Number of protein chains: 2
Amino acid sequence: MSAVTSRSSELPFTLRQLQLFVAVAEAGSLTGAADQLLLSPTAVSLAIGHLEKALGETLFTRQRSRGVALTSTGRFVLDRARAVLHTADEFLQDTRVGPDRLTGAVTIGCFQSLGPTVLPILLSTFTERHPAVEISFVEGSQDELSQALEQGTIDVLVCYDFTLPAGSERARLGTRDPAVLLPGGHWAACDLDTPLDVTLLAAEPYILLATPVTEQHALKVLGTLGVEPEVRYRSTNIETVRSLVGRGLGWTLILQRPAPNRTYEGLPVVTRVLRGDAPPEVVVLAWRRNRPLSRVARALVEHARVVVPEAERRSDRVHDAAAPASVVEH
Amino acid sequence: MSAVTSRSSELPFTLRQLQLFVAVAEAGSLTGAADQLLLSPTAVSLAIGHLEKALGETLFTRQRSRGVALTSTGRFVLDRARAVLHTADEFLQDTRVGPDRLTGAVTIGCFQSLGPTVLPILLSTFTERHPAVEISFVEGSQDELSQALEQGTIDVLVCYDFTLPAGSERARLGTRDPAVLLPGGHWAACDLDTPLDVTLLAAEPYILLATPVTEQHALKVLGTLGVEPEVRYRSTNIETVRSLVGRGLGWTLILQRPAPNRTYEGLPVVTRVLRGDAPPEVVVLAWRRNRPLSRVARALVEHARVVVPEAERRSDRVHDAAAPASVVEH
DNA sequence: TAACATTACGGCTACCGTAACAATA
DNA sequence: TATTGTTACGGTAGCCGTAATGTTA
């Protein structure tokens, strides 16, 4: 509704006309400008004439064999014309590929639980590499994000490989090992470096992280290990789940292991990897196969493909250093 | 030589395309934008397609029956496109006639000796009336100024009517009475309110203001009064002439009477009007008959036609008040 | 079926170049 | 005569509209 009338109506002049006008003003003659622009004097003469008619003002006085001279209003218009052409140039520079500097915008969608571990490294290194690019992200549920990817609202999506719909291209970023989260004082909260047989926990109350994807994933993993958990509480907030576990109200299965072994309440929790056939889940950067990636998005994919796995390896070494006797296989 | 390559080459997009792009982004669909712009969806579709091809990026994702959605780079481009259209709008607003506010530029040429009395009143009142107009002036000799007027470098010219070349349109601004300038102690420096018979001065040395126009004018006026002056010194600087007179080195004929009755050296001088057939010279605002005046210049002429004569009348009343017994006829 | 985008085709206008003309130094 | 701007004319490309087609809710 914001009715800017001049936007709905046609502009009475052309960028081309302004271009030629400035060229003539700088050259001092139509012919000179025509030579520089590889045009015929005719084209230049007509363009200037049209612009003058459009504005209803005389821009140049014509001295037959001495070229042209700017009128007073011509000088006035010259300044403004330069301003318009300048923003048009800027538009082009920002929009098209520059020789050195990558410009544009890219929006990352990121599955909620992966945000804290993937987005920081991605944003910081990419911004450092391409400071002129406007990078932003959206966190959300799998549904929201795949819809946004479909709509083009986001360029790429950080998520687990197994959640990807058909028609997705992907780049592998890293893996997440499923693990059991236990309260600090639990009977199994010892020998943290040895895998745990989860069937021993089957009878104890289970705290379910109830977001659409994680819920099904946890139940499926436990199912393959022969466990049907006794769900006591459900929450869509991972920190609520951790806090409930910290209170000794149950145990849970998690893919994301925050560095601190404390809940928001300050209570201790521990993680133990699973014994048996529980494969690590693959984290990927995904995009629609049928839709061409923007230049900036392509750069982001190439960047992420290198930087994120490297960061994950460094992160694992930190984990290993914290648990030197670990037998966890990578 | 300042080679901005993008200026000499053609821009790969159109203001029209940006216009339609923004409209579609705001409407959310090609059809909606087409309706608002009174266009067919075809035109809009093609324009968007061309813009996308020109930039090499996809701006919208098309959801068949739900319109279109901006991509990430689409949002990026949208901001820049709005910026370009904004300056284009500004260009139009400044350049064409606005509904209320007059904008543009005008340059006044002014005959050197008329500057101090005409320009201040003209500039101050016109700026007050039209604050958005860029008004400027050039002072110079008759030759320089009429050439500038011919070239269009200046829009209008303040000068004496008798100096005007053929083909000039004019608006009367006021008059200047020729007068005799005498040193303070001169035998004729009394009875200032009675006209002076210049033939009585014919034998005394004359100081000639030797600028091209004033020189011939003074000699012509004195000739019609039967006086051929004894030229002792010549100067192109009016204040030098006044100082020489103040020193008692001679007398002169002037058209401009500065308010102070002292020379730069502080010596007293007096003016007396002529007795006989010495008509006042008419000061005019002139422009080329064959060249259309710009909007702003037209406004300036109309303004000057009213304001300057009024100011001259007020100035005369001040003179009269200073010399209440004057018999000078107006 | 309704809504929307796209493609195909024809008409119109704008832009460009060649050629001829006019005006000035 | 040489330089420059303008007009006349013809060709090409771009823009627009109508009609038909394809796709999705």
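- Going by what an unreviewed UniProt entry lists, chain A is known as LysR substrate-binding domain-containing protein and is assigned to Nocardioides eburneus.
- Here is the UniProt Sequence similarities (unreviewed entry) comment for chain A, exactly as written: "Belongs to the LysR transcriptional regulatory family."

### As for the overall build of chain A
Reasoning step 1: Looking only at helices and strands, chain A has 10 helices and 12 strands in total.
Reasoning step 2: Compactness check: chain A gives a C-alpha radius of gyration of 31 Å against a globular reference of 20 Å for 330 residues, more than 25% above the reference.
Reasoning step 3: The long-range share in chain A, meaning contacts at least 24 apart out of those at least 6 apart in sequence, stands at 72%.
Reasoning step 4: A total accessible area of about 16100 Å² is found for chain A, and carbon and sulfur atoms account for 52% of it.
Reasoning step 5: Of the charged side chains in chain A, 33 are positive and 37 negative, and the gap between their average positions amounts to 8 Å.

### Details of unusual backbone geometry
Reasoning step 1: A positive phi is found at A:L38, a non-glycine position, where the angle reads about 60°.
Reasoning step 2: Along the chain, the position of A:L38 falls in the loop between α3 (30-37) and α4 (41-55).

### Points about the protein's contact with DNA strand D
Reasoning step 1: In the vicinity of DNA strand D, 19 residues are found, and the nearest of them are A:L30, A:T31, A:R62, B:S40 and B:T42.
Reasoning step 2: The sugar-phosphate portion of DNA strand D accounts for 70% of its atoms within 4 Å of the protein, the bases making up the rest.
Reasoning step 3: At 3.4 Å, a side-chain N or O of A:T42 approaches a base oxygen of DNA strand D.
Reasoning step 4: Take A:R62: an N or O atom from its side chain is 2.7 Å from a phosphate oxygen of DNA strand D.
Reasoning step 5: If you tally residues by element for the surface near DNA strand D, the top one is helix α4 (residues 41-55) of chain B, at three residues.
Reasoning step 6: Looking at the surface near DNA strand D, its residues break down into five nonpolar, 10 polar and four charged.

### Some words on the UniProt feature "domain: HTH lysR-type" (unreviewed entry) in chain A
Reasoning step 1: Within this numbering scheme, the UniProt entry marks residues 13-71 of chain A as carrying the feature "domain: HTH lysR-type" (unreviewed entry).
Reasoning step 2: For the annotated span residues 13-71 of chain A, helix accounts for 61% and strand for 14% of the residues, and the straight-line distance between the end C-alpha atoms is 19 Å.

### Brief notes about the relation of the copies chain B and chain A
Reasoning step 1: Each copy superposes on the other: chain B lies on chain A with an RMSD of 0.3 Å after a rotation of 179° and an axial shift of 0.0 Å. The superposition operator between the copies reduces to a two-fold rotation axis.

### A closer look at the protein's contact with DNA strand C
Reasoning step 1: Taken together, 21 residues form the shell around DNA strand C, and within it A:S40, B:L30, B:T31, B:S45 and B:R62 come nearest.
Reasoning step 2: A breakdown of the atoms of DNA strand C within 4 Å of the protein gives sugar and phosphate a share of 72%.
Reasoning step 3: One of the side-chain nitrogen or oxygen atoms of A:T42 is found 3.0 Å away from a base oxygen of DNA strand C.
Reasoning step 4: B:S45 has a polar side-chain atom sitting 3.0 Å from a phosphate oxygen of DNA strand C.
Reasoning step 5: At the level of elements, α2 (15-27) and α4 of chain A together with α3 (30-37), α4 and β2 (67-70) of chain B are the ones that each hand at least two residues to the surface near DNA strand C.
Reasoning step 6: Element by element, the count of residues in the surface near DNA strand C is highest for α4(A), at three residues.
Reasoning step 7: Among the residues making up the surface near DNA strand C, the classes are represented as five nonpolar, 11 polar and five charged.

Definitions and limits used
- Residues numbered from 1 in each chain as written.
- Chains lettered and ligands numbered in written order.
- Predicted model: local features only at pLDDT ≥ 70, side-chain atom pairs only at ≥ 80, totals over all residues.
- Heavy atoms only, no water.
- UniProt positions renumbered as here; feature names shortened; annotations may be inferred.
- Helix = DSSP H or I, 4+ residues; strand = E, 2+ residues; numbered from the N terminus.
- Rg over C-alpha atoms; globule rule 2.2 N^0.38 Å.
- Contact = heavy atoms within 4.5 Å.
- Areas by Shrake-Rupley, 256 points an atom, 1.4 Å probe, with all protein chains shown as cover.
- Lys, Arg positive; Asp, Glu negative; His and termini not counted.
- Charge placed at Lys NZ, Arg CZ, Asp CG, Glu CD.
- Near = heavy atom within 4 Å.
- Polar contact = N/O pair within 3.5 Å; in protein donor to acceptor, adjacent residues only side chain to side chain.
- Nonpolar A, V, L, I, M, F, W, Y, C, P; charged D, E, K, R; others polar.
- Least-squares fit on C-alpha atoms with pLDDT ≥ 70 in both.

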